Structure formats: C-alpha cells, structure tokens
Amino acid sequence: MDGVRNLLRDVGGVAILSIQTFLAFWKSPIEIFPVVYQLDHAGIKSWSITALTALFTGMVLALQFATGLEAYGGSMYTGKLVALGIVRELGPTLTALLVGGRVGSGIAAELGSMVVTEQVDAIRALGADPIKKLVAPRVFACVLALPLLTMLADVVGIFGGMLITMREVGVTSKFFFTQVKDTLWVVDLVHGLGKSVFFGYFIGIIGCFVGLQTQGGTEGVGV
C-alpha cells in the first residue's frame, strides 16, 4: 500500500507542478533569455550523442533488415523499413532516453542542490516565484529541444541506414532516397515528432519535481 500511496502522491505532485508551470510561464513579464540558456544546455549540448547513437542505430537496423529479408528476396525494400522504423519509433524513443538520462538527471541534481542550500527559499524570500524562475524555463526548453533533436536523429539514422544498404544490397543512394520519399508521409513525421513533444515535457517536469522534492542535505541530491 505504501508503494501505491507514494505513486499516487508523485503523480498528483507532477500534475500540480505542471499546472503551476504553465500558469507561471505566461505571467508577465515573459522571460526569453532563461529559456534560450536552458535550450542551449538541453539541446545544443546533446546533439553529438544524439547523432552518434542515431547513426549506429540506423546502420544496425539496415544490416538486420537487409540480412533477414535476403532469404525472401525483399532486401531491396530495406530503405522503406529503416525510414519507417526510425521516424515513427526509434528516433523519438532513443532521443528521449539519451536526453532523459543526461538532461533529466542534471535538472534534478541542479534543483536538488539549490533546495538543500536554501537558494530556492532565498528566491521566495525576495518575492520571486521559483516555479517561474527555475521550473518553467527548463520544461519549456525540453519541450522545444526534443523535437529538434528527434529530427536530427531521423536524418542521421536514415543516412546511416543508407550507407549499410548501399554496401550490403548494392543499391544506389538515389534508389534508397526514392524509397524513403515514397514511404514517408506527413502523418509519419507528425507521429514521431508528436511523441517527442510529450517526451520532452515529461523529462523536464519530472526532473524538476524530483529536484524540488530533495530532502536530507547533500546526500539527498544523489538519491
């Protein structure tokens, strides 16, 4: 029962923090610079690991499809499967996992350190809203960064798949991209990017919630 109670408490806390964050962000004045700063931290500094992972994911995916379909004479359609798999599922999912591990934990540790050193209390004492100053920019930056990183992952992943398909199947780059163009539709892009928006929101809001709930001094930051 304690586990269920804690789960319900955390879900309720995240929901309340989400409402407070949405309302706080639109309070006047709207501050853009903190969002840009957090976007640099969450997005630009995460592009390299995102691109590297997407490249090898596309290459491995293409290798497996090309090998598996060879017995059925379907290796020529590897490009179609790679493009759909990356754009609809693997692109947003792997990007969210990587950014969640890097950025989400960083947000939680940063806010946790501010809580235990009473910096959050100091912000309240000065009459400012810590939700607007600390939480809203981070959540909004994550919501913006994840779709951008997902698009990067899609492009790099498909490129990696093209390299392996050209080597294993023997097709040209023009044939590969023709398959990709004929396979992908706007609904596929919206499907993948739409999920990345929600992933970004959950990474940001959960990281902030965990950080603000830190207790027990500096030891609590690492828990």
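Relevant structure appears above.
These figures come from a predicted structure and were not determined experimentally.

Let's talk about the overall build of the protein
Then, in step 1: Within the protein one finds eight helices and zero strands.
Then, in step 2: The secondary structure elements of the protein, listed N-terminal to C-terminal, are α-α-α-α-α-α-α-α.
Then, in step 3: Dimensions along the principal axes, computed over C-alpha positions, put the protein at roughly 70 × 45 × 25 Å.
Then, in step 4: Mean positive and mean negative side-chain charge positions of the protein (15 and 15 charges, respectively) differ by 5 Å.

Describing the nonpolar core
Then, in step 1: In this structure, L17, V135 and C208 are the most contacted members of the largest nonpolar core, which totals 24 residues.
Then, in step 2: Those elements that place two or more of their residues in this core are α1 (2-25), α4 (78-116), α5 (119-125), α6 (130-168) and α8 (186-212).
Then, in step 3: Top element by residues in this core is α6. It accounts for eight residues.
Then, in step 4: Once you skip the residues sitting within four places of it in the chain, L17 turns out to touch I131, V135, I205, C208, F209 and L212.
Then, in step 5: The next biggest cluster of nonpolar side chains, apart from the first, holds seven residues, and it includes A83, V87, I158 and F176.

With respect to the environment of K27
Then, in step 1: In this fold, K27 is placed in the loop between α1 and α2 (33-42).
Then, in step 2: Sequence separation of K27 and T95 is 68 residues, and the distance between their C-alpha atoms is 31 Å.

Some details on the environment of L152
Then, in step 1: Inspection of the secondary structure assignment puts L152 in helix α6.
Then, in step 2: Residues L152 and W47, 105 residues apart in the sequence, show an inter-C-alpha distance of 7.9 Å.
Then, in step 3: When near neighbours in sequence (up to four residues on either side) are disregarded, L152 contacts W47 and A51.

Considering the environment of I44
Then, in step 1: The residue I44 is located in the loop between α2 and α3 (47-70) in this model.
Then, in step 2: A relative accessible area of 52% means that I44 is categorised as exposed.
Then, in step 3: Separated by 104 residues in sequence, I44 and L148 have C-alpha atoms that sit 9.6 Å apart.

So, a nonpolar patch on the surface
Then, in step 1: On the surface, I19, F22, L23, W26, I30, I32 and V36 cluster together into a nonpolar patch covering about 750 Å² of accessible area.
Then, in step 2: The leading source of residues in the nonpolar patch is α1, at three residues.
Then, in step 3: I32 sits in the exposed class, given a relative accessible area of 53%.

Structural notes on α8
Then, in step 1: With 27 residues, α8 extends 39 Å from end C-alpha to end C-alpha; this agrees with the ideal 39 Å at 1.5 Å per step.
Then, in step 2: All of the buried residues in α8 are D188, G192, S196, G200, I203, G204, I205, G207, C208, F209 and G211.
Then, in step 3: Those residues of α8 that are buried lie in contact with α1, α4, α6 and α7 (173-183).

Some details on the side chain of Q38
Then, in step 1: Here Q38 lies in helix α2.
Then, in step 2: Non-local contacts of Q38, meaning those with residues more than four positions away in its chain, are made with G43, P137, R138 and A141.

With respect to α3
Residue pairs spaced three or four apart in an α-helix point in one direction, given the helix's 3.6 residues per turn.
Then, in step 1: Taking 1.5 Å per residue, 24 residues should reach 34 Å; α3 reaches 34 Å between its end C-alpha atoms and fits that length.
Then, in step 2: At its buried positions, α3 is contacted by α4 and α6.

Things to note about the pattern of salt bridges
Then, in step 1: Taken as a whole and assessed by the stated rule, the structure comprises six salt bridges.
Then, in step 2: The shortest N-O distance in the salt bridge between K195 and E89 comes to 2.7 Å. Linking K195 in helix α8 with E89 in helix α4, this pair joins segments that are 106 residues apart in sequence.
Then, in step 3: Close ionic contact of R124 with D121 constitutes a salt bridge, the shortest N to O distance being 3.3 Å.

Considerations on unusual backbone geometry
Then, in step 1: Not every positive phi belongs to a glycine, and E118 is a case in point at roughly 65°.
Then, in step 2: Here E118 lies in the loop between α4 and α5.
Then, in step 3: For E118, a relative accessible area of 52% gives the class exposed.

Remarks on the packing of α1 against α8
Then, in step 1: Their axes nearest at 10 Å, the elements α1 and α8 cross at an angle of 110°. Relative to α8, α1 is oriented roughly perpendicular. Contacts between α1 and α8 involve D10, G13, V14, L17, S18 and T21 from the former and Y201, I205, C208, F209 and L212 from the latter.
Then, in step 2: The residue makeup of the contact of α1 with α8, split by class, is seven nonpolar, three polar and one charged.

Parameters and conventions
- Per-chain numbering applies: the sequence of each chain, read as written, is numbered from 1 onward.
- Local features in a predicted model are, by the rule used here, given only for residues with pLDDT of at least 70; side-chain atom pairs are given and counted only at 80 or more, and totals for whole chains, interfaces and linings are based on all residues.
- Note that the side-chain values use all heavy atoms of the structure and ignore hydrogens as well as water.
- Elements are defined by DSSP. Helices are runs of H or I of four residues or more, strands are runs of E of two residues or more, and each kind is numbered from the N terminus.
- Counting rule for charge: Lys and Arg are taken as positive, Asp and Glu as negative, and neither His nor the chain ends is counted.
- Where a charge lies is defined by one atom per residue type: Lys uses NZ, Arg uses CZ, Asp uses CG and Glu uses CD.
- Side-chain atoms within 4.5 Å are what join buried Ala, Val, Leu, Ile, Met, Phe, Trp, Tyr and Cys residues into a set we call a nonpolar core.
- For each residue, the accessible area found with a 1.4 Å probe, counting protein chains only, is set against the maximum for its type, and the residue is called buried under 20%, exposed over 50%, and partly exposed in between.
- The contact definition used throughout considers only heavy atoms, calling two residues in contact when any of these lie within 4.5 Å.
- Candidates for patches are residues over 30% relative accessible area with no salt bridge; among them, like charges are joined within 9 Å and nonpolar side chains (Val, Leu, Ile, Met, Phe, Trp, Tyr) within 5 Å.
- Surface accessibility follows the Shrake-Rupley procedure with a 1.4 Å probe radius. Residue values consider only the protein chains on display as shielding.
- Whenever Lys or Arg places a side-chain nitrogen within 4 Å of a carboxyl oxygen from Asp or Glu, that contact is recorded as a salt bridge.
- A helix is expected to reach a length of 1.5 Å times the quantity of its residues less one.
- Under this scheme, a helix contributes an axis fitted over its contacting stretch, all axes are lines through C-alpha atoms, and angles between N-to-C directions fall in the 0 to 180 degree range.
- Throughout this description, any angle smaller than 35 degrees is read as roughly parallel, any larger than 145 degrees as roughly antiparallel, any in the 65 to 115 degree range as roughly perpendicular, and the remainder as oblique.
- Under the convention adopted here, Pro, Cys and the residues Ala, Val, Leu, Ile, Met, Phe, Trp and Tyr are nonpolar, Asp, Glu, Lys and Arg are charged, and Gly plus all remaining residues are polar.

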